[in-house]
Amino acid sequence: LAQAVFAQGLADVACPPADSVAAHPARLAGSLPPTMAEAASSLETTTRQRDNAKHAAQRAEHIGRKVQTLDHVTSSINKRHQAALDNLGRMRHDMDLKQKNIAFAQQTRDALEAKIEANKAKAAQLRECLLIQESRVSKVMADTQATLRLLNNGREDGSGVRQGGLRQTCKQLASRELAVQRGYHCGVGSTHGPRSLSASRTMLPKGMVS
């Protein structure tokens, strides 16, 4: 575009407009002598050439300023375009980094979610096992307490008599040990009371009764 404008300006300089040539009338050429007419024509030609050169210089200067302005605008546009491309490249690079960070964060989140779900399932399974073990321990404790009571107190038979038991056994052992030390025992029916003695003295054998 700058070269086209400069070429148009040079064409205008090489071919000046017709109104600038016709601006100086040649009416004196026919009324003067030939020598003076030639001088006047030469002066007019020189003046015209000077004016044309002046106009051409002004036009060339104007065209140069336009070319310089156009070059400056074009350079500024190119710089801004390059800066925009560089900024776009940086933004794309930043976007790629952020996309990678987002993908890594999403992957980490999915892994953590899977781990949490696995821990929840394991916790539920452990809770069930704990409940089962608690029921078993409760049953063992109840059996232990029942066995301990049976060990201490013994077992009652169908007639309501308690048999066995650590207390009853220890009591019997202590009574027998005391009976051994005394030489006799004091159990139920081992000695006669006063009534039984008097009855045995007054009663006679069956063969002696008359």
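Residues numbered from 1 in each chain as written. Predicted model: local features only at pLDDT ≥ 70, side-chain atom pairs only at ≥ 80, totals over all residues. Heavy atoms only, no water.

A. Structural view of the overall build of the protein chain. The number of helices and strands found in the protein chain is 5 helices and 2 strands. Counting helices and strands in the order they occur from the N terminus, the protein chain gives α-α-α-β-β-α-α. Out of the 210 residues in the protein chain, the part that is buried amounts to 5%. Looking at the protein chain alone, contacts between residues at least 24 apart form 40% of all its contacts between residues at least 6 apart. Of the roughly 18200 Å² that the protein chain leaves accessible, carbon and sulfur atoms contribute 60%. (Helix = DSSP H or I, 4+ residues; strand = E, 2+ residues; numbered from the N terminus. Buried < 20%, exposed > 50% of the residue type's maximum accessible area, 1.4 Å probe, protein only. Contact = heavy atoms within 4.5 Å. Areas by Shrake-Rupley, 256 points an atom, 1.4 Å probe, with all protein chains shown as cover.)

B. Molecular detail of helix H4 (residues 166–182). For H4, which comprises 17 residues, the first-to-last C-alpha distance of 24 Å matches the rise-based estimate of 24 Å (1.5 Å per residue) to within 8%. Phi turns positive one or two residues past the end of H4, at Gly183, with a value near 100°. (Expected span 1.5 Å × (residues − 1).)

C. Quick peek at the pattern of salt bridges. What the rule picks out here adds up to 3 salt bridges. Here Arg65 makes a salt bridge to Glu61, at a shortest N to O gap of 3.2 Å. Taken together, the residues Arg65 and Glu61, both in helix H3 (residues 34–153) and 4 residues apart, mark about one turn of the helix. Residue Arg65 is classed as partly exposed on the basis of its relative accessible area, which comes to 43%. One salt bridge in this structure joins Asp110 and Arg109, with 3.9 Å as the shortest N-O distance. Arg109 sits in the partly exposed class, given a relative accessible area of 48%. (Salt bridge = Lys/Arg side-chain N within 4 Å of Asp/Glu carboxyl O.)

D. Region of the structure containing the confidence of the model for the protein chain. Here the protein chain averages 77 in pLDDT, while 70% of its residues score no lower than 70. Of all helices and strands in the protein chain, the one with the weakest mean pLDDT is helix H2 (residues 18–21) (43), whereas H3 scores best (90). Every residue in residues 13–30 scores below 50 in pLDDT, and together they form 11 contacts with partners more than four places removed in sequence or on other chains. A low-confidence stretch, residues 197–206 stays under pLDDT 50, and its non-local contacts, those more than four residues away or across chains, total 1 contact. (pLDDT = per-residue confidence, 0-100.)

E. Main features of a nonpolar patch on the surface. Taken together, the side chains of Leu148, Leu151 and Leu166 make up a nonpolar region of the molecular surface, amounting to roughly 280 Å² of accessible area. Relative to the assigned elements, Leu151 resides in helix H3. (Patch = residues over 30% accessible without salt bridge, like charges linked within 9 Å, V, L, I, M, F, W, Y side chains within 5 Å.)

F. Geometry of the environment of His185. Relative to the helices and strands, His185 resides in the loop between H4 and helix H5 (194–202). The exposure class assigned to His185 is partly exposed, which follows from its relative accessible area of 49%.

G. Spotlight on the environment of Thr74. Considering the arrangement of structural elements, one finds Thr74 in helix H3. A polar atom in the side chain of Thr74 sits 2.7 Å from the backbone oxygen of Leu70. (Polar contact = N/O pair within 3.5 Å; in protein donor to acceptor, adjacent residues only side chain to side chain.)

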